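The primary structure of each chain is shown beneath.
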Amino acid sequence: MELIDTHCHLNFASYDDDREAVIERAQAAGVTRISIPATDLTTGQEAIDLAQRYPAVFASAGVHPNSTADFSDSHLPRIEAQARLPRVVAVGEIGLDYYWDKSPKDAQQRAFEAQLELAARLEMPVIIHNREASEDVMTTLELWATDLPPSLNGRAGVLHSFSASPAIAERALAAGFYIGFTGPVTFKNADELRSVAAMVPLERMLVETDGPFLTPAPHRGQRNEPAYVPFIAERLAAVRSISVEELARATTENAVRLFRLPPAG
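What you see is a predicted model, and the numbers here were worked out from it, not measured in a lab.

Undergrad: An account of the pairing of strand E2 (residues 31–36) is needed here, citing residue identities and associated values.
TA: Each regular strand displays side chains that alternate between the two surfaces of the sheet. The element E2 is extensively covered by neighbouring structure, given that five of its six residues are classed as buried. Relative to E2, strand E1 (residues 3–5) runs parallel, the two sharing three bridges. Within E2, the residue paired with isoleucine 4 across the bridge is arginine 33. Handedness of the β-α-β unit built from E1, helix H1 (residues 19–28) and E2 comes out right-handed.

Written out as structure tokens, the structure reads:
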């Protein structure tokens, strides 16, 4: 059984003491590939460095909404330069975050739109961060998705660590996006999220940890890591009344298709 962790901040300091062992544990658990999103230019380079060092790792380039307070047009050539490097598979994570007050909403929106435009020009999918900003995120994405190059048809990107309503999921699917599921789908009180997992077409689902955050049960409260992806896959399979092998096969194929990943190994 093969799985892909499509979103893990493996570059973060919480992995500094055992990063290689984390990758080894992931592979022992059947997680053959790990994608690291950027949160700013520095973390983007960190992700790229790890992708160049470890064959199982891939990277993205972009500026997270919480890092956009000082965003300007001067960021875009540097994001583009990172995005054009080998083993960089997406622009992200980008989007809007109205939960934390780390960047003004207008600054977030400008950065979001500018990076979406860059992704379309580069013909790369996007990794979308949405926290308590669903309506503005979807309005922006729906407009952007109306004029994408043919290479992005059906693979515009992913709403990562999905936590919004079924209606938002339906809008995202209609706009050509995948839906990423993380540890909270295993939490006892996550009935609405599981209802989303039940209605999203299997060919549009991804599994991810968002490590070191959002650790699934039964390891909740500990640092998250890619080796825990199977717990997420098992819960999703149960919600859909299918085997975990079928869920794993589909989500792996989806990740390969969305990010155009090469074969494992």
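Undergrad: For the pattern of salt bridges, give the residues involved together with the corresponding values.
TA: Tallied over the entire structure, the rule returns 13 salt bridges. One salt bridge in this structure joins aspartate 18 and arginine 25, with 3.2 Å as the shortest N-O distance. Arginine 194 serves as the salt-bridge partner of aspartate 191, at 3.0 Å between the closest nitrogen and oxygen. Taken as a pair, aspartate 191 and arginine 194 lie in helix H7 (residues 191–199) at a separation of three residues, close to a single helical turn.

Undergrad: Now, about the packing of aromatic side chains: what can you tell me, with residues and values included?
TA: Per the counting criterion, the structure on display carries four aromatic pairs. Ring geometry for tryptophan 144 and phenylalanine 177: centres 6.2 Å apart, planes at 40°, overall tilted. In this pair, tryptophan 144 sits in helix H5 (residues 134–145) while phenylalanine 177 sits in strand E7 (residues 177–181), placing the two residues 33 residues apart along the sequence. Classification of tryptophan 144 as buried rests on a relative accessible area of 12%. Looking at phenylalanine 177, the relative accessible area reads 0%, which means it is buried.

Undergrad: With reference to specific residues and values, describe the environment of histidine 219.
TA: One can find histidine 219 in the loop between strand E8 (205–207) and helix H8 (229–240). Note: C-alpha distance between histidine 219 and proline 55 (164 residues apart in sequence) is 27 Å. Every residue in contact with histidine 219, bar those within four places of it in the chain, is listed here: Tyr228 and Phe231.

Undergrad: Go over the sheet that holds E2 with me, naming the residues and quoting the values.
TA: Ordered by their spatial adjacency, eight strands build an open sheet running E1-E2-E3-E4-E5-E6-E7-E8, and the pairing between neighbours is parallel. In the strand order of this sheet, the two ends are held by E1 and E8, each with one partner. Neighbour-to-neighbour, the strand axes of the sheet open up by a mean angle of 30°, direction not taken into account. Along the sheet, helix H9 (residues 244–259) contacts E1, E2, strand E4 (88–97), strand E5 (126–131), strand E6 (157–159), E7 and E8; its crossing angle with E8, the most-contacted strand, is approximately 100°.

Undergrad: Go over unusual backbone geometry with me, naming the residues and quoting the values.
TA: Residues glycine 92 and glutamate 93 are joined by a peptide bond in cis, for which omega reads 15°. Here glutamate 93 is to be found in strand E4. The residue after alanine 217, namely proline 218, is reached through a cis peptide bond having omega 15°. If you trace the backbone, proline 218 turns up in the loop between E8 and H8. Positioned with a positive phi, glutamate 132 is a non-glycine residue whose angle comes to about 55°. Secondary-structure assignment places glutamate 132 in the loop between E5 and H5.

Undergrad: Can you explain the layout of surface pockets? Please cite residues and give values.
TA: Estimates place the volume of the largest pocket at around 720 Å³. Contributing to the lining of the largest pocket are 28 residues, with His129, Arg131, Ser161, Asp210 and Leu214 lying nearest its centre. Breaking the lining of the largest pocket down by element, the ones donating at least two residues are E4, E5 and H7. Here the lining of the largest pocket gets three residues from one element, more than from any other, and that element is E5.

Undergrad: Please give an account of the environment of glycine 180 that cites residues and values.
TA: With respect to the helices, strands and loops of the structure, glycine 180 is situated in strand E7. When the C-alpha atoms of glycine 180 and glutamine 115 are compared, they prove to be 20 Å apart, with 65 residues separating the residues in sequence. Not counting the four nearest positions on each side in its chain, glycine 180 is found in contact with Val158, Leu159, His160, Ser161, Phe162, Leu206 and Glu208.

Thresholds applied
Residues numbered from 1 in each chain as written. Predicted model: local features only at pLDDT ≥ 70, side-chain atom pairs only at ≥ 80, totals over all residues. Heavy atoms only, no water. Buried < 20%, exposed > 50% of the residue type's maximum accessible area, 1.4 Å probe, protein only. Helix = DSSP H or I, 4+ residues; strand = E, 2+ residues; numbered from the N terminus. Pairing = 2+ DSSP bridges. Right-handed = clockwise from strand over helix to strand, strands pointing away. Salt bridge = Lys/Arg side-chain N within 4 Å of Asp/Glu carboxyl O. Phe/Tyr/Trp six-rings, centres within 6.5 Å; stacked < 30°, edge-to-face > 60°. Contact = heavy atoms within 4.5 Å. Axes fitted to C-alpha atoms, helices over the stretch in contact; angles between N-to-C directions. 1 Å grid on protein atoms, 1.4 Å probe; cavity = no way out; pocket = protein on both sides within 12 Å on 5 of 7 lines; lining within 4 Å. Points joined across faces, edges and corners; volume = space filled by probe spheres on them.

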